[in-house]
Every structure is written in C-alpha cells, then in structure tokens.
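The residues making up each chain are set out below.
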Amino acid sequence: MEENARIEWDQRYQEGSHASLDPDPFFVRAYREFVEPRFKYVGRALDLAGGIGRHALYLAERGWLVTLTDVSEVALKQARRQAELLDVHIFAEQTDLTEAQLPEDAFDLIVVFFYLERSLFLQIAAALRPGGMLIYKTYTEEQQELGGGPTHPLHLLQSGELKRAFPELETLYYNETAADKAVAELVARRTDGR
C-alpha cells in the first residue's frame, strides 16, 4: 500500500473533499445509452478508485453486484454507510491500484473516473467478460491550463491517449473536451470470446 497516497486521501475525505454522491453526468448518460440497452440482466461491476462510491451506489441501486475499490479506508467507510442508508449492498475493498492484480474475465462493467494508472490498462481490458463494457473519464494535459485538478503528467492523459489505451476493445464513444475541465471520455466494449 502506498502509505503517502492512503494518508493524503484519508485526510481529503475526512475534510469533506470529493463528498458528492451525485454520479457524473457522463456516467449516467453512458449508462443509459450504452449499458442499459445491452444488458438484459445486470451483472458484476467494478468501480476502480471510486472514492465514496457515487457510481458504485448508482449501480447497486439498479441491481448490479458491485465491487468498489479505493486506497482510502475513510472513503470506503462512507460508501458502506451510504449503502446501508440506501439498503443496497456493495463490496468495498481497500486496494493500492499501483500493485493490484485484477481478476480476468470477471466483470460485465468497469467504471473508472478521475483516476489514471496506465499500468492497469491491460488488466482492465482483461478483467472484462466478453461483451463487458468500460466507462472511463479522466483529465487530459490541457487541464494544466485551466487550473485545479492534477498537475503531474503521470495523472494527465495526452491527447488521444485514452482512445488508444484499449486497442483490444471496441470503442463505442470517445470525446475530449476542455470546457470547465479538460477531460477524455470513453465507452468501450470487449467483443472477443476468448
């Protein structure tokens, strides 16, 4: 476990940072447009670095079996408490994603928002079941010009990088924008039956 990252994020969540339980509007749109029409039955979902679980809770309310991972135990406690209030169940696991080993062919849906660990790209694609979908959104380098958000290049995508990051998946939607935030958005699907 990267101790400094865990301590930093625990402190942020204790101070009320990243406290919104409202799902990202892109996530809701992508779910309605791409996920709902393709899944007659809900399945297993993974919310990577999902903080207090705004997307995990949204999915759990719709019947998904959701695993939420984050480095912060403080965030995960908040997510578990919110799940109790909503009377839904989520698996909340404290995980250092820089050292994670994702299971292969395990998830029908993977969600990643505002987190970038390039070493996970291959694992994310392999963790999807055939027909499984990925919804991913995070900052691009242009965010440096807008201020706020991450500043280190390790945490910022280059232009077009997210679209190229998953060549084994079929891209269903891709967009980059630099309006209020500079972000890349991707919806992709595993089509092979290996």
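Before any of the text, the structure's been laid out above.
Residues numbered from 1 in each chain as written. Predicted model: local features only at pLDDT ≥ 70, side-chain atom pairs only at ≥ 80, totals over all residues. Heavy atoms only, no water.

## Concerning the packing of aromatic side chains
(1) Moving on: One pass over the structure, following the stated rule, counts 13 aromatic pairs.
(2) Moving on: Ring centres 5.5 Å apart and planes at 85 degrees place the aromatic pair tyrosine 31 and tyrosine 58 in the edge-to-face group. With tyrosine 31 in helix 2 (residues 25-35) and tyrosine 58 in helix 3 (residues 54-61), this pair connects stretches of sequence that are 27 residues apart.
(3) Moving on: Assessed through its relative accessible area of 4%, tyrosine 31 is described here as buried.
(4) Moving on: Three or more aromatic residues joined by ring pairs make a cluster, and in this case those are Phe26, Phe27, Tyr31, Phe34, Tyr58, Phe113, Phe114, Tyr139 and Tyr173.
(5) Moving on: The positively charged end of arginine 62 is found above the aromatic ring belonging to tyrosine 58, 3.5 Å away from the centroid. (Phe/Tyr/Trp six-rings, centres within 6.5 Å; stacked < 30°, edge-to-face > 60°. Helix = DSSP H or I, 4+ residues; strand = E, 2+ residues; numbered from the N terminus. Buried < 20%, exposed > 50% of the residue type's maximum accessible area, 1.4 Å probe, protein only. Lys NZ or Arg CZ within 6 Å of the ring centre and 35° of its normal.)

## Regarding helix 3
(1) Moving on: Most of helix 3 is tucked away, with six of its eight residues classed as buried.
(2) Moving on: Of the positions making up helix 3, those classed as buried are His55, Ala56, Leu57, Tyr58, Leu59 and Ala60.
(3) Moving on: Summarising the contacts, the buried residues of helix 3 are in contact with helix 2, strand 1 (44-48), strand 2 (65-70), helix 4 (73-86), strand 3 (90-94) and strand 4 (107-113). (Contact = heavy atoms within 4.5 Å.)

## Quick notes on the pairing of strand 5 (residues 128-139)
(1) Moving on: Within strand 5, nine of the twelve residues are buried, leaving the element largely enclosed by the surrounding structure.
(2) Moving on: Looking at chain direction, strand 4 and strand 5 are connected through six bridges and run parallel. Within the sheet, the bridge partner assigned to valine 111 lies in strand 5 and is isoleucine 135.
(3) Moving on: Of the crossover connections in this fold, the one passing from strand 4 over helix 5 (residues 121-127) to the parallel strand 5 is right-handed.
(4) Moving on: In this structure, strand 5 lies alongside strand 7 (residues 182-189), joined through seven bridges in antiparallel fashion. Bridging from a neighbouring strand, tyrosine 136 pairs with leucine 186 of strand 7. (Pairing = 2+ DSSP bridges. Right-handed = clockwise from strand over helix to strand, strands pointing away.)

## Thoughts on helix 2
(1) Moving on: Within the span of helix 2, buried status applies to Phe26, Phe27, Val28, Ala30, Tyr31, Phe34 and Val35.
(2) Moving on: Here the buried face of helix 2 lies against helix 3, strand 4, strand 5, strand 6 (170-178) and strand 7.

## Here's the deal with the pairing of strand 1
(1) Moving on: The element strand 1 is extensively covered by neighbouring structure, given that four of its five residues are classed as buried.
(2) Moving on: Where the polypeptide runs from strand 1 across helix 3 and back to strand 2, its parallel neighbour, the crossover connection is right-handed.
(3) Moving on: Bridge analysis of strand 1 against strand 4 gives four bridges, and the strand direction is parallel. Following the sheet pairing, leucine 48 is matched in strand 4 by valine 112.

## Re the packing of helix 2 against helix 3
(1) Moving on: Remark: helix 2 packs on helix 3, axes separated minimally by 11 Å, with the N-to-C direction vectors making an angle of 30 degrees. Looking at the two axes, helix 2 sits roughly parallel to helix 3. Every pair of crossing elements has a handedness; the one defined by helix 2 and helix 3 is right-handed. Contacts from Phe27, Val28, Tyr31 and Arg32 of helix 2 reach helix 3 at His55, Tyr58 and Leu59. (Axes fitted to C-alpha atoms, helices over the stretch in contact; angles between N-to-C directions. Parallel < 35°, antiparallel > 145°, perpendicular 65-115°, else oblique. Left-handed = near helix turned anticlockwise from the far one by under 90°.)

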